[in-house]
Amino acid sequence: MKKIIYILLGLALAAVVAIAALVSLIDPNQFKPQLAEQVRKSTGRELVMEGAIGWRFWPSLGLSLEKVALRNPAGFAEPDLVRFEQGEASVGLLPLLSHRLEIGKVTLSGAHLFVQTRADGSSNLSDLLTASAEPKGADAQPSGEGQPATTARDEKPWQISLQGIALVEASALVRDDRSGAVSRLDRLDLDLGQLTPGEWVPVTLAAKGAQGDLAFDLKGHAQLKLAREAIKSELKDLGLSGSLSDPAQRLDAFSLKADRLALGEWSSLTLSLQGAQGAAAKPTLAGTLEGTLKARFVREQQLLEVSDAVLAAKLSGDALPRPQMQLKLAGFARAELDKQTVTLSNLVMGADDALLSGNGIVRLGALPKVEFDLKGEKLDLDAWFGQPAKDAPAAAASGAAAPAGTKAQVPATQAPSTVEPDLAALKRMDLAGRLQLGNLKAKGMDLRAVDLQLALAGGQLTLKQFSAGVLGGKVTANGVLDARQQPARYQVHKRVQGVDVRPLLQTLAQTDLLEGKGDLEVQVQGTGLSEQALLSRMQGKISLAVHDGALHGINLAEMIREARATLTGKGADQVKEVRKTDFSALTASFQVADGVARSDDIQLFAPALRVKGQGQTALVPETLDFLFLTSVVESSKGQGGKTVDELKDITIPVRIGGHWQAPSYRLDVKALLSNNKVLEEKARKEAERGLKKLLGDKADDEGIKGAADQLLKGLFK
């Protein structure tokens, strides 16, 4: 036992003596000039070592350096390309005997890198890159005389290992004077374990800096397995977190976790984001995003696949169509990078209570192309974008329209806008797809069985098909919007069949003057999409047919009684009736041009009445000017009764004017008297009878008869 102790003490004493001899006999600072000269020959740069090179004995034998810098050529903004305040490294002594260079962990404190590209394109790295690319074989001194003899032992290859690298408070600055771009790394702390190919090594880092206006603060850790081909290296147990910010938006916190990252292998990823856009006090958009997915990249096939993706976001802010929204996305993606094609399958997209599912294809390139096929149960656009409160309809069944002979109060209207919408987005991609919805609510309308098919190519949007059920009927439409010219041109063909007209008008036009089952066909075209252009430049044809309905706000039977009273000189019976005219059919066609819709074939078939009309309505400022000629047919049934029969064969004119939302109705007495021969003959006889009673035999005087005849002619003009 004592012998063993003596042996150990002897070895320790020998080690102390060897170290003391090493320190006393070898001063590493004496190699400074040689090191500087060798660097100058290799790079043409000056190596400056202001601090001392010292021995380090704990925890292993090594060297430490202080204040070392590699200078830049003259004319650059900073004097040093790279520098560090302190560096430490250790070397195993005994392995040297076996041709193994085992370097301990290399630690650099206060390291700084500066890279500058000047306005003329030259860089402080240019000469180093040029020197490294030059062949060195021609300049190498051949072996022979003057060279030490090579021994068999020297020919044995060295095995080099590095226990690790640590950077403490490192920094970097990269600037490009040509573009003014500046990237800076204010602080980098990096700890990398022993880099042995095929072995897992821990890595931790913390970095803080900015890329232009984008500031970042990152922290991360992982296990790294280095491969001889760097592209085949792997990561596992990856965790990355931090924040990003620029003047317009910020990512307050984010985290990314992955179980493994390796080429061709599936990785499970978990991510979490929290950020905002706009001013810090009141951001226009803020929210969080969380999700999980699986992904892999197959290098040989240039294929990136995403599987089982489930993402959920909670957003708020004025930039949204509603104050708060919850979004969901799930599905699979397959990106063929060489073909620039992304295929999306089993997609599920949700926004609050709206849910869409389907598939899609995105073809990237100078002009992206998107194809989609989506389905959903319900979509409430009014709940998203808000439905403005509607004014009460101007006319109602109780007779809210202006009574005959009174002037309607025209509601104040705002001048239509002349601003054309920006359609530049239609030229940035091509689009083709189909959307099917069980129920769609938009502008107060409830549509069912919605089928929308459209295509966008080169700035031209084509509505191939739109069909939906609405208010007991069906609507179909197709059209083209050409945004390749300014202002844009459009063409629309729309059909509405068998709808309940009154609720349709109440919803779209805030009026309820008409009811019944209606058919409508619209064929229009025009140039310009501003409010003013749509109303003033639209051209086309509109056809209307309504069955088994009624006109609200006007009672033709009542106006006929007024006409009877006018003709007979008797007062009309004051019967309180609803201002409403029933009809079995109403048809009309309108020609639209220059902001005016004109018709000369309006027909209405009502009990005991037949009505023909003509006139026009100005789309701006929404005024009415129509004349309806009402004839009494041989029937005493229906509205009006026997008092209507008394006016059989007499045409009664009714003029409709005013505003769309406040129309006025009046009996046109002058037209009534001038357009009816029966009334004219009856008036002559009544005038002759009155003259006889008034003048007696003098009434037969030719002069008096002539004067009376002239008065009657003036009345009926």
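Residues numbered from 1 in each chain as written. Predicted model: local features only at pLDDT ≥ 70, side-chain atom pairs only at ≥ 80, totals over all residues. Heavy atoms only, no water.

Draft legend 1. Representation of the overall build of the chain within the structure. Helix and strand counts for the chain stand at eleven helices and 34 strands. Counting contacts in the chain only where the partners sit at least 6 residues apart, residues at least 24 apart contribute 51% of the total. Counting only carbon and sulfur atoms, one obtains 57% of the accessible surface of the chain, whose full area is about 42,400 Å². (Helix = DSSP H or I, 4+ residues; strand = E, 2+ residues; numbered from the N terminus. Contact = heavy atoms within 4.5 Å. Areas by Shrake-Rupley, 256 points an atom, 1.4 Å probe, with all protein chains shown as cover.)

Draft legend 2. Broad picture of the pattern of salt bridges. Per the counting criterion, the structure on display carries 23 salt bridges. Residues R71 and D80 are paired through a salt bridge, measuring 2.6 Å at the closest nitrogen-oxygen approach. The class for R71 is partly exposed, based on a relative accessible area of 24%. When the shortest N-O distance is used, the salt bridge between R175 and D177 registers 3.0 Å. If you follow the salt bridges from partner to partner, you end up with R71, D80 and R83 in one network. (Salt bridge = Lys/Arg side-chain N within 4 Å of Asp/Glu carboxyl O. Buried < 20%, exposed > 50% of the residue type's maximum accessible area, 1.4 Å probe, protein only.)

Draft legend 3. Up close: the side chain of D176. With respect to the secondary-structure elements, D176 resides in strand β9 (residues 165-176). A polar side-chain atom of D176 sits 3.0 Å from the main-chain amide nitrogen of R178. (Polar contact = N/O pair within 3.5 Å; in protein donor to acceptor, adjacent residues only side chain to side chain.)

Draft legend 4. Inspection of unusual backbone geometry at higher detail. Following Q486, the chain continues to P487 via a peptide bond in cis, the omega torsion being 0°. Along the chain, the position of P487 falls in the loop between β25 (473-482) and β26 (489-500). With a phi close to 55°, K443 is a non-glycine residue in the positive phi region. If you trace the backbone, K443 turns up in the loop between β22 (430-442) and β23 (445-457). Of the residues examined, K443 reaches a relative accessible area of 61% and is grouped as exposed.

Draft legend 5. Helix α2 (residues 32-43), seen in detail. Taking 1.5 Å of rise per residue, twelve residues should cover 16 Å, and α2 covers 16 Å from first to last C-alpha, within 8% of that figure. Looking one or two places after α2, you find G44, whose phi comes out positive at around 75°. (Expected span 1.5 Å × (residues − 1).)

Draft legend 6. Layout of the packing of aromatic side chains. A complete count under the given rule lists two aromatic pairs for this structure. Ring geometry for F590 against F626: centres 6.4 Å apart, planes inclined by 85°, an arrangement best described as edge-to-face. Linking F590 in strand β29 (residues 580-593) with F626 in strand β32 (residues 623-632), this pair joins segments that are 36 residues apart in sequence. Note on F626: relative accessible area 7%, which makes it buried. In this arrangement the basic side chain of R118 is found over the ring face of F76, its NZ or CZ atom lying 4.1 Å from the centre. The ring of W200 has K236 sitting right over it, with the charged end atom 4.5 Å from the ring centre. (Phe/Tyr/Trp six-rings, centres within 6.5 Å; stacked < 30°, edge-to-face > 60°. Lys NZ or Arg CZ within 6 Å of the ring centre and 35° of its normal.)

Draft legend 7. Broad picture of the environment of L65. Tracing the backbone through its elements, the reader meets L65 in strand β3 (residues 62-71). In contact with L65, other than residues within four places in its own chain, are M49, A52, I53, F84, E85, Q86 and G87.

Draft legend 8. Summary view of the environment of Q194. Mapped onto the secondary structure, Q194 falls in the loop between β10 (181-192) and β11 (200-211). A relative accessible area of 30% places Q194 in the partly exposed class. Measuring from C-alpha to C-alpha, the distance between Q194 and G104 comes to 8.7 Å, with 90 residues separating the pair along the chain.

Draft legend 9. Quick peek at the side chain of D430. Here D430 is to be found in strand β22. There is a polar contact of 3.0 Å between the side chain of D430 and the backbone nitrogen of G458. Apart from the residues within four sequence positions on either side, D430 is in contact with L367, P368, K369, V370, L456, A457 and G458.

Draft legend 10. Summary view of the pairing of strand β7 (residues 112-117). When you tally the buried positions in β7, you get five out of six residues, the bulk of the element. As paired elements, strand β4 (residues 80-90) and β7 share two bridges and run antiparallel to each other. Across the sheet, R83 pairs through a bridge with H112, a residue of β7. (Pairing = 2+ DSSP bridges.)

Draft legend 11. The arrangement of the nonpolar core in detail. Among the nonpolar cores identified, the biggest contains 21 residues, and L447, V450 and F466 are the most heavily contacted of them. Those elements that provide at least two residues to this core are β21 (369-380), β22, β23, β24 (460-470), β25 and β26. The residues contacting L447, other than those within four sequence positions of it, are G438, N439, L440, F466, A468, G469 and V470. Ranked by size, the runner-up nonpolar core spans 19 residues in total, among them A588, I602, L604 and F626. (Core = buried A, V, L, I, M, F, W, Y, C linked by side-chain atoms within 4.5 Å.)

Draft legend 12. The arrangement of the environment of T462 in detail. If you trace the backbone, T462 turns up in strand β24. Accessibility expressed as a relative area gives 22% for T462, which makes it partly exposed. Separated by 20 residues in sequence, T462 and D482 have C-alpha atoms that sit 8.4 Å apart. Sequence-distant contacts of T462, defined by excluding residues within four places in its chain, comprise Q453, L454, A455, G479 and V480.

Draft legend 13. Up close: the confidence of the model for the chain. Residues of the chain with pLDDT of at least 70 account for 71%, and the chain-wide mean is 79. Predicted confidence for residues 138-154 stays below pLDDT 50, and this span has six contacts to residues more than four positions away or in other chains. Confidence drops under pLDDT 50 across residues 635-644; counting only partners more than four residues distant or on other chains, this segment forms 22 contacts. (pLDDT = per-residue confidence, 0-100.)

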